[in-house]
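This is what each chain is made of:
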Amino acid sequence: MTGWVEAAAWGLLGGAALVIGAAVAWYVRVPRQVIAGVMAFGSGVLISALSFDLAQEAVETGGLGPTVAGFLSGAGAYVLANAALARRGARHRKRSGDLQVGEDQQAGSGSAIAVGALLDGIPESVVLGVSLLGGGGVSTAVVAAVFISNVPEGLSSAAGMRRAGRSARYVFGVWSGIAAASAVAAAVGYAALGSASPGTVAVITAVAAGAILTMVADTMIPEAFERTHLLTGFITTLGFLTAFSISRAGG
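No experiment lies behind these values; they were computed from the predicted model shown. Starting from 1, residues in each chain are numbered consecutively following that chain's sequence as written. Per-residue local features of the predicted model are confined to residues with pLDDT of at least 70, and side-chain atom pairs are confined, for both listing and counting, to 80 or more; whole-chain, interface and lining totals are unaffected and use all residues. The side-chain quantities take in all heavy atoms of the structure and omit both hydrogens and water.

## Focus on the overall build of the protein chain
What counts, and what does not: What counts as a helix is a DSSP run of H or I of at least four residues, what counts as a strand is a run of E of at least two, and both are numbered from the N terminus. Based on C-alpha atoms, the radius of gyration is set beside the globule rule, defined as 2.2 Å times the residue count to the power 0.38. For every residue, the accessible area obtained with a 1.4 Å probe (protein chains only) is divided by the maximum for its type, and the residue is called buried under 20%, exposed over 50%, and partly exposed between those limits. Here, residues are in contact when the closest pair of their heavy atoms is within 4.5 Å. Here Asp and Glu are counted as negative and Lys and Arg as positive; His is not counted, and neither are the chain ends. All charge positions are set by atom: Lys at NZ, Arg at CZ, Asp at CG, Glu at CD.
When its secondary structure is counted, the protein chain shows eight helices and zero strands. What you see in the protein chain, going N to C, is helices and strands ordered as α-α-α-α-α-α-α-α. The C-alpha radius of gyration of the protein chain comes to 17 Å, within 12% of the 18 Å expected for a compact globule of 251 residues. Taken along the three principal axes of its C-alpha coordinates, the protein chain extends 50 × 35 × 35 Å. A total of 251 residues make up the protein chain; the buried ones form 50% of that total. Contacts spanning at least 24 positions in sequence make up 83% of the contacts within the protein chain whose residues lie at least 6 apart. Averaging the coordinates of the 14 positive side-chain charges in the protein chain and doing the same for the 13 negative ones gives two points 10 Å apart.

## A look at unusual backbone geometry
At His229, a residue that is not glycine, the phi angle is positive and equals roughly 50°. Since its relative accessible area comes to 43%, His229 is described here as partly exposed.

## Focus: empty space enclosed by the protein
Short version of the rule: A pocket here means an open set of points on a 1 Å grid, computed over the protein atoms alone, that has protein on both sides within 12 Å along at least five of seven lines. A cavity is instead a set of points where a 1.4 Å probe fits but cannot get out; residues with an atom within 4 Å of a point line either one. Grid points are joined across faces, edges and corners, and a volume is the space filled by probe spheres set on the points.
One pass over the structure, following the stated rule, counts three cavities of 30 Å³ or more. Taken as a whole, the largest cavity encloses approximately 50 Å³ of empty space. Lining the largest cavity are Leu46, Ala49, Leu50, Leu54, Glu124, Val127, Val142, Ala145, Val146 and Ile212. For the lining of the largest cavity, the secondary-structure elements that each account for two or more residues are α2 (32–62), α4 (109–130) and α5 (140–163).

## Overview of a nonpolar patch on the surface
Convention followed: Nonpolar side chains (Val, Leu, Ile, Met, Phe, Trp, Tyr) within 5 Å and like charges within 9 Å form the patches, drawn only from residues with over 30% relative accessible area and no salt bridge. Using a 1.4 Å probe, the Shrake-Rupley method yields the accessible areas, and only the shown protein chains count as cover for residues. Only one rule defines a salt bridge in this text: a Lys or Arg side-chain nitrogen within 4 Å of an Asp or Glu carboxyl oxygen.
Together, Ile20, Val24, Tyr27 and Val28 make up an exposed nonpolar region whose accessible area comes to about 380 Å². For Val24, the position within the fold is in helix α1 (residues 3–27). Residue Val24 is classed as partly exposed on the basis of its relative accessible area of 31%.

## Observations regarding the nonpolar core
This is how it is decided: Definition of nonpolar core: a set of buried residues of the types Ala, Val, Leu, Ile, Met, Phe, Trp, Tyr and Cys, connected through side-chain atoms within 4.5 Å.
Grouped together as the largest cluster of nonpolar side chains are 33 residues, with contacts concentrated most on Leu46, Ile212 and Met215. Elements represented by at least two residues in this core include exactly α2, α3 (64–90), α4, α5, α7 (198–228) and α8 (232–250). When residues of this core are assigned to their parent elements, the largest contribution, 10 residues, is made by α7. Of all hydrophobic cores here, the second largest spans 20 residues; its members include Ile35, Leu85, Leu155 and Phe172.

## As for the environment of Val126
Along the chain, Val126 falls in helix α4. What makes Val126 buried here is its relative accessible area of 18%. Leave out the neighbours within four places in its chain, and Val126 touches Ala185 and Ile204.

## A closer look at the layout of surface pockets
Stated precisely, the cut-off is as follows: Residue classes follow a fixed rule: Ala, Val, Leu, Ile, Met, Phe, Trp, Tyr, Cys and Pro count as nonpolar, while Asp, Glu, Lys and Arg count as charged, and any other residue, Gly among them, counts as polar.
Taken as a whole, the second largest pocket spans an internal volume of roughly 280 Å³. Taken together, 13 residues make up the lining of the second largest pocket; nearest its centre are Ala25, Arg29, Val30, Ala159 and Arg162. Among the elements of the structure, α1, α2 and α5 are those that each provide at least two residues to the lining of the second largest pocket. Among the elements that take part in the lining of the second largest pocket, α5 stands out by supplying four residues, more than any other. Here the lining of the second largest pocket is composed, by residue class, of eight nonpolar, one polar and four charged.

Listed below in structure tokens is the structure:
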């Protein structure tokens, strides 16, 4: 299979988890405590993958300095973009409760939420594409982390969208579009960086990882803590250990 096609397939798989989560939220009445617990678990999964796969790979390939710079750049870029989207009604796009705003409350919020969902998903997809550049195949731990974390993301966000009065056409249109964009981002990440130096690839990986970590802290953990409270840390730890075990088993 051609490299960029394989990258697109992995990106599509990760994005499809968002659609699966949205479908569950739309057709099944899932208690908000369950949604929050799954979100906490997904947060731990992503944090583990960032720590033991992405950050470690970036440091080993590009060195500590470029990795730190990349992480901070990714985090800073995410914060700026997220702040702009928050002013347009996308601040609570991953919340399952009544915090999301409808179009009648803030015009243009639907578009802002869609762009915000894209902002959240693209770094993960780029990482999947870049992970294939070494020729050893995609990282099992990273794929598992993206898929496992995307299910609760789609579930929580779609539940909030429904409570805000969004239509099924809007909800599934957004997540299907993000799934397609994830495939494109993974393919572009692979194709654009195919001839890049290892140091450049390390920096790009660090930038994406910094954005993902900021996204977890800013949008996933608050939703988890709102309902799981004192159990949030324990459930997050379970997610962390699950991803860590997958990473060690795959290594």
